[in-house]
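# Chains, contacts and geometry: an overview
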Amino acid sequence: MTALTKVDTTLSISEDIPCYTVNTRCSEALTSIIHRIQDRFVAEFGNAVFCARGADLHMTLLNWIDPFTRYAKDKREVFSDIQATCEAATREVIESYTPFAINFQKLEYRGICVVLEGVDFGECNAIREEILERNILPSETSHPPRDCHITFVTFRRAVNEQKVLQILQEESVSFIEQVNAFRLSFCPKARMQEHREIGEFRLLN
């Protein structure tokens, strides 16, 4: 029996699922590399896969407000309540760090998605921990990821798992991404589509 991937059910959610997130936008060079690999998945699986493109390609540092979590109030009200405090604290933490590099070199299949993993020297998690220690985020907001990764393919429908793994075996990435800033984004759709940048936090130069 052919093994199949799992399905990302969040892509079919039609209700309003805004998210406020701090992330990095991929550089043009890294975006080009990711697009090349995405094109192989689209050629093989068509619209059974969803691929974030262009400005929607990102690495999440942490969310201020999660997309699939219920909050005590409307998320836009929650954001209005926390914006000034969270922005000041996030800026203070991030601006205390100098620019750093993330070495993206591992393609990983994670059941419902494919990600590009990177390795830094602990900067991302250190920044995350410092922000979390300020206790400024809503209690409903989940803990941030513990790694550096970019989700670039998710599965709308179950597809042949072996074909997914074959593409990943045939592809390779080795790219050092320089991180000079993070952006605060509002995202109205699942998988953080249609990013609208509403703020920026630059590292110390």
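One structure accompanies this document, and this report is about it.

Reading guide: rules and limits
- Residues numbered from 1 in each chain as written.
- Predicted model: local features only at pLDDT ≥ 70, side-chain atom pairs only at ≥ 80, totals over all residues.
- Heavy atoms only, no water.
- Buried < 20%, exposed > 50% of the residue type's maximum accessible area, 1.4 Å probe, protein only.
- Helix = DSSP H or I, 4+ residues; strand = E, 2+ residues; numbered from the N terminus.
- Contact = heavy atoms within 4.5 Å.
- Phe/Tyr/Trp six-rings, centres within 6.5 Å; stacked < 30°, edge-to-face > 60°.
- Salt bridge = Lys/Arg side-chain N within 4 Å of Asp/Glu carboxyl O.
- Pairing = 2+ DSSP bridges.
- Axes fitted to C-alpha atoms, helices over the stretch in contact; angles between N-to-C directions.
- Arc of directions from axis to C-beta.
- Polar contact = N/O pair within 3.5 Å; in protein donor to acceptor, adjacent residues only side chain to side chain.
- Lys, Arg positive; Asp, Glu negative; His and termini not counted.

### Observations concerning helix H3 (residues 123-133)
- For H3, the full list of buried residues reads Glu123, Cys124, Asn125, Ile127, Arg128 and Ile131.
- Contact partners of the buried residues in H3: strand E3 (58-65), helix H2 (75-94), strand E4 (100-109), strand E6 (148-155) and strand E8 (181-187).
- Immediately downstream of H3, the backbone of Asn135 shows phi near 55°, a positive value.

### Side note on the packing of aromatic side chains
- A complete count under the given rule lists 6 aromatic pairs for this structure.
- With a centroid separation of 4.0 Å and 5° between ring planes, the pair formed by Tyr20 and Phe79 is classed as stacked. Pair noted here: Tyr20 is in strand E1 (residues 19-25) and Phe79 is in helix H2, with a separation of 59 residues, a long-range link.
- What makes Tyr20 buried here is its relative accessible area of 6%.
- A ring pair is formed by Phe41 and Phe45, whose centres lie 6.2 Å apart and whose planes are at 35°; its orientation type is tilted. Placement of both Phe41 and Phe45 in helix H1 (residues 28-45) is noted, with a separation of 4 residues, approximately one turn of the helix. As far as burial versus exposure is concerned, Phe41 and Phe45 are alike and both buried.

### Topic: the pattern of salt bridges
- In the structure shown here, the tally under the stated rule is 18 salt bridges.
- Of the charged contacts in the structure, one is a salt bridge between Arg36 and Glu171, with a shortest N-O distance of 2.7 Å. With Arg36 in helix H1 and Glu171 in the loop between helix H4 (161-170) and strand E7 (175-179), the pair connects residues that are 135 residues apart, well separated along the chain.
- By relative accessible area, Glu171 is classed as buried at 14%.

### A closer look at the sheet that holds E4
- Pairing is antiparallel in the open sheet, where 5 strands are placed in the order E2-E6-E5-E4-E7. On the outer flanks of this sheet lie strand E2 (49-50) and E7, each paired with one strand and no other.
- Here E4 pairs with strand E5 (residues 113-119) via 6 bridges, running antiparallel. Its bridge partner lying in E5, Glu108 is registered against Val115.
- In the packing of H1 onto the sheet, contacts are made with E2, E4, E5, E6 and E7, and the angle to E6 comes to roughly 25°.

### Topic: H4
- Listing the buried residues of H4 in full gives Glu161, Val164, Ile167 and Leu168. Around the axis of H4, the buried residues are gathered within 125° of arc, so they sit on the same side. H4 presents Gln162 and Gln169 as exposed residues on the side facing more than 90 degrees away from its buried surface.
- Capping of H4 at its N-terminal end is provided by Asn160; its side-chain oxygen lies 2.8 Å from the backbone amide nitrogen of Gln162.

### Comments concerning the side chain of Asp66
- On the secondary structure map, Asp66 appears in the loop between E3 and H2.
- Salt bridges are absent for the buried Asp66, whose nearest opposite-charge side chain, Lys75, sits at 7.8 Å.
- A polar atom in the side chain of Asp66 sits 2.6 Å from the backbone nitrogen of Ser142.
- Dropping the residues within four chain positions of it, Asp66 is found in contact with Pro18, Cys19, Tyr71, Lys75, Glu140, Thr141 and Ser142.

### As for the pairing of E6
- Within E6, 8 of the 8 residues are buried, which leaves it mostly tucked inside the rest of the structure.
- Sheet analysis places E2 next to E6, joined by 2 bridges and oriented antiparallel. When the sheet's bridge partners are listed, Val49 is paired in E6 with Phe155.
- Bridge count for E5 against E6 is 6 bridges, and the pairing is antiparallel. Counted as the bridge partner of Val115 is Thr151 from E6.

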